[in-house]
Amino acid sequence: MAGWLLSASRQRRVKAMTAAAGSAGRAAVPLLLCALLAPGGAYVLDDSDGLGREFDGIGAVSGGGATSRLLVNYPEPYRSQILDYLFKPNFGASLHILKVEIGGDGQTTDGTEPSHMHYALDENYFRGYEWWLMKEAKKRNPNITLIGLPWSFPGWLGKGFDWPYVNLQLTAYYVVTWIVGAKRYHDLDIDYIGIWNERSYNANYIRILRKMLNSQGLQQVKIIASDNLWESISAAMLLDAELFKVVDVIGAHYPGTHSVKDARLTGKKLWSSEDFSTLNSDTGAGCWGRILNQNYVNGYMTSTIAWNLVASYYEQLPYGRCGLMTAQEPWSGHYVVESPVWVSAHTTQFTQPGWYYLKTVGHLEKGGSYVALTDGLGNLTIIIETMSHKHSKCIRPFLPYFNVSQQFATFVLKGSFSEIPELQVWYTKLGKTSERFLFKQLDSLWLLDSNGSFTLKLQEDELFTLTTLTTGRKGSYLLPPKSQHFPSTYKDDFNVDYPFFSEAPNFADQTGVFEYFTNMEDPGEHHFTLRQVLNQRPITWAADASNTISIIGDYNWTNLTIKCDVYIETPDTGGVFIAGRVNKGGILIRSARGIFFWIFANGSYRVTGDLAGWIIYALGRVEVIAKKWYTLTLTIKGRFASGMLNDKSLWTDIPVNFPKNGWAAIGTHSFEFAQFDNFHVEATR
């Protein structure tokens, strides 16, 4: 089929070109975005009657939470290659927008991200990896739009309550310090700031936040609200003139390509400020291709932002591989440029924020949709999709059935576009391997003798981009290394004097925050350690555990020996653990099962079958106090487990029938300071 397309194009005849796309069905087309059919049944693309809404860009989210955790540990050149596929203009996904989590120390889907202010008098603008990621994005695309949004907040802001709006001034101060720190320490200009991801907004807080931004000379930072549903915030804005004034963008999550009347009545920019969240298979790519068009066709949304940027977290955590691409093996260097990257390119490589949609966009007669955008300087980009229902289901919301079938679609260029002589053609076909093409450039389409019209033969699950721009490119590198399992022998002594990142490689914090620490009280063996640094529960977004925990390794590990030096800092009530076969993480961490070996500062030990400590296998007395180093060893083999303290057997051959496999882990009894050193695991799958 592709050969036929090439042949037809070479002969410079305007004949039926093959494309395929899926549609959101025969839903009613919004009146302001009608598909104008010419007498001959053609779709007219015309700017004579003015243009539609301004396009604000396509982007993705890092965070919400810890979705880029493993990316920072990739060796070069693979880490830079991954970043190029995501951010480099005219190369891969070429994203216009990067939205990051403002770390708040809480569990926010697949892990925790550290706050720049763990405590009231603490400020550190080098924790985590979002600063680094924003700089890398800017390095590749200086014009990329940066957005910050909190999911959780450090506990001190709540003053004993699990609520960020106890002191509105204080919370606004906390957020503004993050924006100011981004500029002062990293020369990053944050363009937009959000309120509280998918949770309650507070109108007074939004007003105070605007005033505080202005007082700090940050008038250019715009406010998005409320990163949840359309209804409440848009209705409130229509009734509250001051709130209306201070909110620049109404952002909704997973809108199903539709907005609501109140949101449209505000006249504000409407964004799908989080969307996608779907396995990055070809079906996920179909979902992404469909909503990139139809969020505007059906809902006037001028930006769509995918959760998440890159699936760079352990795959067995919630929503595994729900990123535009996959990079979850820093130990091997293996990564996969998934099909959503190339679906993104169909829009991102041939448009820019500041372009405008044409008013003449809409649905295709037999399923699918088309949009057209212009820079106002003579350039035109047309994106056509025919994604089928079966192959474009997103994870949410429910997608009503629609039908897509083969069709011939004639497009007519009018107005300032009528004299365009040539269009570049880029093509994607999702589905069967034998028919599959990803972002393939076809020969250009000549329009000189056709009065600005051309006809496409469209089939299911195709994408076409037709554009005046000649800068598109399918970037590539040599194949990365082959996939490998996590090393079966793994050691980390945390001896890093000036760490570039605050977190040790491959540890994925699930409750609490574990950071490199310089122990000034011990100039010897334990001078450099890993420390759990939270001393109170954060204002939560998800169901954080009551204990802190960081996981590491291969989820399929069955038999393993974990050895680690531990240091309890809290007298009497403090406690620490090492664990194996941990079977849950992310938003499910509270219910994690495994084999947990605990020691406590009150002179006791415990062996439990779960993180919460409800399933007790063994307990007893032991000579343990705070402020002293101990070595714990946990051995799990088949259906039995044994433990040692300072290389002496403490308990042996306890039956452990469930779970059969899981990660290794370290952690503390509560939100308390504790240190870990000389971590060592020997494991088999």
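This one's a predicted model, so the numbers in the text were calculated from it and none came from an experiment.

1. Comments concerning the state of the cysteines
Within the structure shown, the criterion is met by one disulfide. Linked covalently through their sulfurs, Cys287 and Cys394 form a disulfide whose S-S length is 2.0 Å. Since a negative S-S torsion denotes a left-handed disulfide, the Cys287-Cys394 link at about 100 degrees is right-handed. Remark: Cys394 occurs in the loop between β18 (380–387) and β19 (407–413) and Cys287 occurs in helix α9 (residues 282–299); sequence separation between them is 107 residues. Each of the two residues, Cys287 as well as Cys394, counts as buried.

2. A closer look at the pairing of strand β29 (residues 559–568)
When you tally the buried positions in β29, you get seven out of 10 residues, the bulk of the element. Note: β29 against strand β38 (residues 674–684), nine bridges, orientation antiparallel. By the bridge assignment for β38, Tyr567 is matched with Gln675. Pairing of β29 with strand β34 (residues 629–637) involves eight bridges; the strand directions are antiparallel. Across the sheet, residue Cys564 finds its bridge partner in β34, namely Leu632.

3. Comments concerning the UniProt feature "active site" (unreviewed entry) in the protein
The UniProt entry lists Glu198 and Glu274 under the feature "active site" (unreviewed entry), expressed in the numbering used here. Taken together, the annotated residues stretch across 77 residues yet fold into one region, lying no more than 9.9 Å apart by C-alpha. Turning to its location among the elements, Glu198 is positioned in the loop between β7 (192–193) and α5 (203–215). Ignoring anything within four residues of it in the chain, the contact list for Glu198 reads Ser226, Asp227, Asn228, His253, Tyr254, Glu274 and Trp541. Mapped onto the fold, Glu274 is located in strand β10 (residues 269–276). Assessed through its relative accessible area of 5%, Glu274 is described here as buried. Excluding its chain neighbours within four sequence positions, the residues that come into contact with Glu274 are Trp151, Asn197, Glu198, Ala252, His253, Tyr254, Ile305 and Trp307. Within polar-contact distance, the side chain of Glu274 engages the side chain of Tyr254 at 2.6 Å.

The rules behind these values
Residues numbered from 1 in each chain as written. Predicted model: local features only at pLDDT ≥ 70, side-chain atom pairs only at ≥ 80, totals over all residues. Heavy atoms only, no water. Disulfide = S-S within 2.5 Å. Helix = DSSP H or I, 4+ residues; strand = E, 2+ residues; numbered from the N terminus. Buried < 20%, exposed > 50% of the residue type's maximum accessible area, 1.4 Å probe, protein only. Pairing = 2+ DSSP bridges. UniProt positions renumbered as here; feature names shortened; annotations may be inferred. Contact = heavy atoms within 4.5 Å. Polar contact = N/O pair within 3.5 Å; in protein donor to acceptor, adjacent residues only side chain to side chain.

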